[in-house]
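Spelled out, the chains give:
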Amino acid sequence: MPRLSEVLSALDALWPPERAESWDAVGTVCGDPEAEITRVLFAVDPVQDIVDEAVKLGAQLIVTHHPLYLRGTTTVAASTFKGRVVHTLIKQDIALHVAHTNADTADPGVSDALAGALDLRVLRPLVPDPDDPHGCRGLGRVCELDHPVTLREFAARAAARLPATAQGIRIAGDPDAQVRTVVVSGGSGDSLFDEVRAAGVDAFLTADLRHHPASEAVQHSALGLVDAAHWATEWPWCTQAAAQLDEISDRNGWGLRTHVSRTVTDPWTAHAAATDTDTSGAPN
């Protein structure tokens, strides 16, 4: 069985830490390089529920997409929720490794996994990595459907294929508009509107779309917007990443067992449907 240092070297080859954004916090949070690894758990968020799941599985390594300490800290006291995560990890001999923006732009990356979940054909990166001579790495993916569908039907596909969340799927634009080309970007994507418009696609599927950028986008063009939950758009990467590590394990004879957490760590837990009201707020 491999040692943690060997597994981490393989993960860094998949998602080189130097390709992360300068503000990001990727890499190994904790773990003994000499520890033997037999089970690995993949998840989006390094929260206590995921750590508890790893303990139950007997996993010695958790790989998450989101960092534990993105902005740094002055304490890991167990009285704080992140500190309790650290305490549990160390007490249970579980390592934590993060691949965030270096996994977003990888080939394959987070948006490739999202496109795959929706049965979309990837054409190219939306924002290519200038350091990639092959033109495959980069942020977001420009994709094509096998045949045109309405924006409403495309949103229904997303609702059926992505993990269920309290938010569900929101759309902006004409629900009956025809959609053949789509940009997908896992996670928060409303900083990409200029690039999406320049790509000339029919729709944009991402997460965390804010009011003003979304309002301006639909006024600016006929671009259809499909807004899913942040966690849901990034969860398919966990399955993709686990399969990549499985292939490395088989090639090296490591015999690793990988697991993908199905624990919903999206922070929103319920959704109340709006009722028709007049402008005063009184029900019609």
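In what follows, the accompanying structure is described. These numbers were taken from a predicted model, which means no experiment stands behind them. (Residues numbered from 1 in each chain as written. Predicted model: local features only at pLDDT ≥ 70, side-chain atom pairs only at ≥ 80, totals over all residues. Heavy atoms only, no water.)

1. Here we look at helix 5 (residues 110–117)
Along an α-helix, residues three or four positions apart point the same way, because every turn accommodates 3.6 residues. Extensive coverage of helix 5 is indicated by the burial of six of its eight residues. Taken together, the buried positions of helix 5 are Val-110, Ser-111, Asp-112, Ala-113, Leu-114 and Ala-115. Packing partners of the buried residues in helix 5 comprise helix 4 (101–104), strand 5 (121–128), strand 6 (138–150), strand 8 (178–188), strand 9 (203–207) and helix 9 (230–252). Of the residues flanking the end of helix 5, it is Asp-119, one or two places downstream, whose phi is positive at about 55 degrees. (Buried < 20%, exposed > 50% of the residue type's maximum accessible area, 1.4 Å probe, protein only. Helix = DSSP H or I, 4+ residues; strand = E, 2+ residues; numbered from the N terminus. Contact = heavy atoms within 4.5 Å.)

2. As for the packing of aromatic side chains
Across all of its chains, the model carries two aromatic pairs by this definition. Ring geometry for Phe-193 versus Phe-204: centroids 5.7 Å apart, planes at 80 degrees, classification edge-to-face. Placement of Phe-193 in helix 7 (residues 193–199) and of Phe-204 in strand 9 is noted, with a sequence separation of eleven residues between them. (Phe/Tyr/Trp six-rings, centres within 6.5 Å; stacked < 30°, edge-to-face > 60°.)

3. A closer look at the sheet that holds strand 6
Two modes of strand pairing occur in sheets, parallel and antiparallel, and in both the strands are linked by backbone hydrogen bonds. One open sheet accounts for six strands, arranged 5-6-8-9-10-7; its pairing is mixed. Each end of this open sheet is capped by a strand with a single partner; those strands are strand 5 and strand 7 (170–172). The sheet shows a mean angle of 25 degrees between the axes of neighbouring strands, taken without regard to direction. Pairing of strand 5 with strand 6, which is carried by six bridges, proceeds in the antiparallel orientation. The residue of strand 6 that forms the bridge with Pro-128 is Gly-138. Helix 5 rests against strand 5, strand 6, strand 8 and strand 9 of the sheet, and its axis sits at about 135 degrees to strand 8. (Pairing = 2+ DSSP bridges. Axes fitted to C-alpha atoms, helices over the stretch in contact; angles between N-to-C directions.)

4. Some remarks on the pairing of strand 4 (residues 95–98)
Burial of the side chains of strand 4 extends over both faces: Ala-95 and His-97 are buried on one face and Leu-96 and Val-98 on the other. In the sheet, strand 1 (residues 27–30) pairs with strand 4 via three bridges, with the strands oriented antiparallel. Bridge assignment links Cys-30 to a residue of strand 4, and that residue is Leu-96. Where strand 3 (residues 61–64) and strand 4 come together, four bridges link them in parallel fashion. Residue pairing in the sheet places Val-63 in a bridge with His-97 of strand 4. With respect to chirality, the unit in which strand 3 leads through helix 3 (residues 81–91) into the neighbouring parallel strand 4 is right-handed. (Right-handed = clockwise from strand over helix to strand, strands pointing away.)

5. A few points about unusual backbone geometry
Leave glycine aside and you will find that most residues have negative phi; peptide bonds, for their part, are mostly trans. With omega at 0 degrees, the peptide bond leading from Asp-107 into Pro-108 counts as cis. The phi torsion at Asp-93 lies on the positive side, around 55 degrees, for a residue other than glycine. The phi dihedral of Asp-119 falls on the positive side, at around 55 degrees, and the residue is not glycine. If you trace the backbone, Asp-119 turns up in the loop between helix 5 and strand 5.

6. Overview of the side chain of Asp-132
Residue placement: Asp-132 occurs in the loop between strand 5 and strand 6. Side-chain polar atoms of Asp-132 contact the backbone nitrogen of His-134, separated by 3.1 Å. (Polar contact = N/O pair within 3.5 Å; in protein donor to acceptor, adjacent residues only side chain to side chain.)

7. Concerning the packing of helix 1 (residues 4–14) against helix 9
Taken N-terminus to C-terminus, the directions of helix 1 and helix 9 make an angle of 125 degrees; their axes are 11 Å apart at the nearest point. With respect to each other, helix 1 and helix 9 are oriented oblique. Helix 9 is crossed by helix 1, and the crossing has right-handed handedness. Touching Val-7, Ala-10, Leu-11 and Leu-14 of helix 1 are Gln-244, Leu-245 and Ile-248, all from helix 9. Residue composition of the contact of helix 1 with helix 9, by class: six nonpolar, one polar and no charged. (Parallel < 35°, antiparallel > 145°, perpendicular 65-115°, else oblique. Left-handed = near helix turned anticlockwise from the far one by under 90°. Nonpolar A, V, L, I, M, F, W, Y, C, P; charged D, E, K, R; others polar.)

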